[in-house]
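# Chain and residue survey
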Amino acid sequence: MRLSELTTLRLGGPAGRYVEASCEEEVVEAVRAADAAGEPLLLLSGGSNLVVADAGFPGTVLRIATRGVTREAAGASVTLEVAAGEPWDPLVAACVADGLAGVECLAGIPGSVGATPIQNVGAYGQEVAETIAAVRVLDRGTGAVEELGPQDCGFTYRSSAFKREPGRWVVLTVRLQLQRSRLSSPVRYAELARALGVELGSRAPLAEAREAVLALRRGKGMVLDDADPDTRSAGSFFTNPILDRDGYAALRQRLRSGLEPPSWPEGDGRVKTSAAWLIERAGFHRGDGDPDGIAISTKHTLALTNRGHGTTTQLLALAHEIAGGVHDAFGVDLMPEPVLVGHAWEPVSPSR
Ligand SMILES: Cc1cc2nc3c(=O)[nH]c(=O)nc-3n(C[C@H](O)[C@H](O)[C@H](O)COP(=O)(O)OP(=O)(O)OC[C@H]3O[C@@H](n4cnc5c(N)ncnc54)[C@H](O)[C@@H]3O)c2cc1C
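Residues numbered from 1 in each chain as written. Predicted model: local features only at pLDDT ≥ 70, side-chain atom pairs only at ≥ 80, totals over all residues. Heavy atoms only, no water.

Moving on to the pattern of salt bridges. Scanning the entire structure with this criterion turns up 22 salt bridges. Of the charged contacts, one joins aspartate 228 and lysine 299 as a salt bridge, the two residues approaching to 2.8 Å between their closest N and O atoms. Taken as a pair, aspartate 228 in the loop between α6 (206-219) and β13 (242-243) and lysine 299 in the loop between β16 (294-296) and β17 (304-306) lie far apart in primary sequence, 71 residues in all. (Salt bridge = Lys/Arg side-chain N within 4 Å of Asp/Glu carboxyl O. Helix = DSSP H or I, 4+ residues; strand = E, 2+ residues; numbered from the N terminus.)

Taken in spatial order, the three strands of this open sheet run β13-β15-β14, and their pairing is antiparallel. With partners counted over all chains shown, the strands left at the sheet margins are β13 and β14 (263-265), one partner each. In this sheet, strand β15 (residues 271-273) lies alongside β14 in antiparallel orientation, the contact comprising three bridges. Paired with tryptophan 264 across the bridge in β15 is lysine 272. (Pairing = 2+ DSSP bridges.)

Here helix α1 (residues 24-36) spans 18 Å end to end across 13 residues, near enough to the 18 Å set by a 1.5 Å rise per residue. Taken together, the buried positions of α1 are occupied by Val27, Val28, Ala30, Val31 and Ala34. Within α1, the buried residues cover an arc of 165° as seen down the axis, which keeps them to one side. For α1, the exposed residues lying more than 90 degrees away from the buried face are Glu25, Glu29 and Ala36. Glycine 38 occupies a position one or two residues after α1 and carries a positive phi of about 65°. (Expected span 1.5 Å × (residues − 1). Buried < 20%, exposed > 50% of the residue type's maximum accessible area, 1.4 Å probe, protein only. Arc of directions from axis to C-beta.)

On to the pairing of strand β6 (residues 77-83). Across the seven residues of β6, five count as buried, placing the element largely inside the fold. In this structure, the hairpin formed by strand β5 (residues 69-74) and β6 is closed by a connection of two residues, where glycine 75 is found at a positive phi of approximately 60°. Examined bridge by bridge, β6 and strand β12 (residues 169-180) share seven bridges and lie antiparallel to one another. Bridge pairing links valine 82 to valine 174 in β12.

Around the ligand sit 33 residues, and of these Leu43, Ser45, Ser48, Ser112 and Gly122 come closest. A distance of 2.6 Å separates an oxygen atom of the ligand from a polar atom in the side chain of serine 48. Between the ligand and arginine 217, the relevant distance is 2.8 Å, taken from a nitrogen atom to a side-chain nitrogen or oxygen of the residue. For the ligand, whose unbound accessible area comes to 980 Å², protein coverage reaches 94%. Those elements giving two or more residues to the shell around the ligand turn out to be β2 (41-44), β8 (122-123) and β12. A per-element tally of the shell around the ligand places β12 first, with three residues. Considered class by class, the residues forming the shell around the ligand number 18 nonpolar, twelve polar and three charged. (Near = heavy atom within 4 Å. Polar contact = N/O pair within 3.5 Å; in protein donor to acceptor, adjacent residues only side chain to side chain. Areas by Shrake-Rupley, 256 points an atom, 1.4 Å probe, with all protein chains shown as cover. Nonpolar A, V, L, I, M, F, W, Y, C, P; charged D, E, K, R; others polar.)

Turning to the packing of aromatic side chains, a few remarks are in order. Tallied over the full model, the rule gives five aromatic pairs. Ring centres of phenylalanine 237 and phenylalanine 238 lie 5.1 Å apart, and the angle between their planes is 75°; this geometry places the pair in the edge-to-face category. Neither residue differs from the other here; phenylalanine 237 and phenylalanine 238 are each classed as buried. Here phenylalanine 237 and tryptophan 345 contribute two aromatic rings whose centre-to-centre distance is 6.5 Å and whose plane-to-plane angle is 55°, an arrangement assigned as tilted. Taken together, the positions of phenylalanine 237 in the loop between α6 and β13 and tryptophan 345 in the segment after β18 (339-341) put the pair 108 residues apart, joining distant regions of the chain. Taken together, the aromatic side chains of Phe237, Phe238 and Trp345 make up a single cluster linked through ring pairs. (Phe/Tyr/Trp six-rings, centres within 6.5 Å; stacked < 30°, edge-to-face > 60°.)

Right, let's talk about the nonpolar core for a bit. Core analysis: the largest hydrophobic core is formed by 59 residues, its most contacted members being Val27, Leu62, Trp88, Leu91, Leu176 and Leu192. Among the elements that take part in this core, β12 stands out by supplying seven residues, more than any other. Leucine 176 has contacts with Val78, Thr79, Leu80, Val82, Trp88, Leu91, Val128, Thr131 and Ile132, leaving out every residue within four places of it along the chain. If you look at the next biggest cluster of nonpolar residues, it comprises 34 residues, including Leu278, Leu304, Leu316 and Val348. (Core = buried A, V, L, I, M, F, W, Y, C linked by side-chain atoms within 4.5 Å. Contact = heavy atoms within 4.5 Å.)

Before going further, it helps to examine the sheet that holds strand β4 (residues 57-64). A sheet is described by the order of its strands in space; here three strands give the open sequence β1-β4-β2, paired in parallel fashion. Among the strands making up the open sheet, the edge pair consists of β1 (15-21) and β2. Geometrically, the sheet is characterised by an average inter-axis angle of 20° between neighbouring strands, direction not taken into account. Note that β1 and β4 share six bridges and pair parallel. In the sheet register, valine 19 faces β4, and the bridge partner there is leucine 62. Here α1 sits on the sheet and contacts β1, β2 and β4; the angle it forms with β4, its principal contact strand, is near 165°. (Axes fitted to C-alpha atoms, helices over the stretch in contact; angles between N-to-C directions.)

Its 14 residues place the ends of α6 20 Å apart at the C-alpha level, agreeing with the 20 Å of an ideal helix rising 1.5 Å per residue. Within α6 the residues assigned to the buried category are Leu206, Ala209, Arg210, Ala212, Val213, Leu214, Leu216 and Arg217. On its buried face, α6 sits against α2 (88-97), β7 (100-101), β8 and α5 (190-196). Positive backbone phi, at 70°, marks glycine 221, one or two positions downstream of α6.

Next up, the structure:
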């Protein structure tokens, strides 16, 4: 099995061994067998956040394809216990149709439910951490199945304990706590509020919020579509940089007068700014690259796409060129959002 068949970038060489697990017992058995044999193990589900080397993966690739949702209602809230392999976007659609608020702004994100805690998926002002009540995991360190509460998961912007300690935990189920409501959660993202015609911080009808998010995402090539090469990506390639006070002041100083970077205060003195904005001002444009290979999406500068004949080596070369350009222009280091397999990201050194 080639990993290019399992990733949304359609990149990645052969798997040493490929196993697909459709029930929890099979997942646990496959992980324990690989660990007992001392074989490297790559967990994968939707393959939408993975950049796999052209050389492939020299061990077991385990695709988690478990299914099942159980539902428990208590007053105004409903708790769903969802198998890791359930596809995320259909779950969001079902929640919205069922009048359950809390994940409507995360519509259109590809991949599985079990991967959502890994990078604490987020979009349009919402993060999955806000609704996760617990994550059931297999701890490969101890071999035990246990439950982690939100505190144990260590969620931060596009990260978590799972991402910081890769490979330690296998997510088996995710417990989401949602609110019964005909209205969305308060809209926190200006572009979405404008699309919905509501004030920032107010609510919109639940289904309208989901539809507006999907429409905004389609416009940026951020909803998977076989017919649209702009969606052959891993989503945003870079996270938005979070700068400390000095770093942000230095960035403002380097900008031409009159230019003000987008900024979202983190509440602790640090400021998050926009990777896409920096990339564009460093001289990179939508569509730059090889129109038949690796190129920046024609709809969104933050997405790197494989338009047919690209390789992972070329993708990472373009990513490094962009990160280098941003560093040279603004002194800001961009970090990749997807998980790299078979490659390590080399931050741009100050001396280059
Ligand atoms: C077009 C597009 C748009 C996107 N938009 C967004 C967005 O708006 N916001 C956002 O946050 N992300 C976005 N993403 C990224 C991606 O969809 C999410 O990160 C998603 O949660 C990945 O799910 P997956 O099942 O595809 O994970 P995979 O790519 O299969 O795996 C990702 C990582 O999670 C690990 N993993 C997967 N399943 C498990 C498990 N059960 N237990 C332990 N580890 C596991 C893998 O080992 C790997 O390290 C986008 C991607 C694409 C292609």
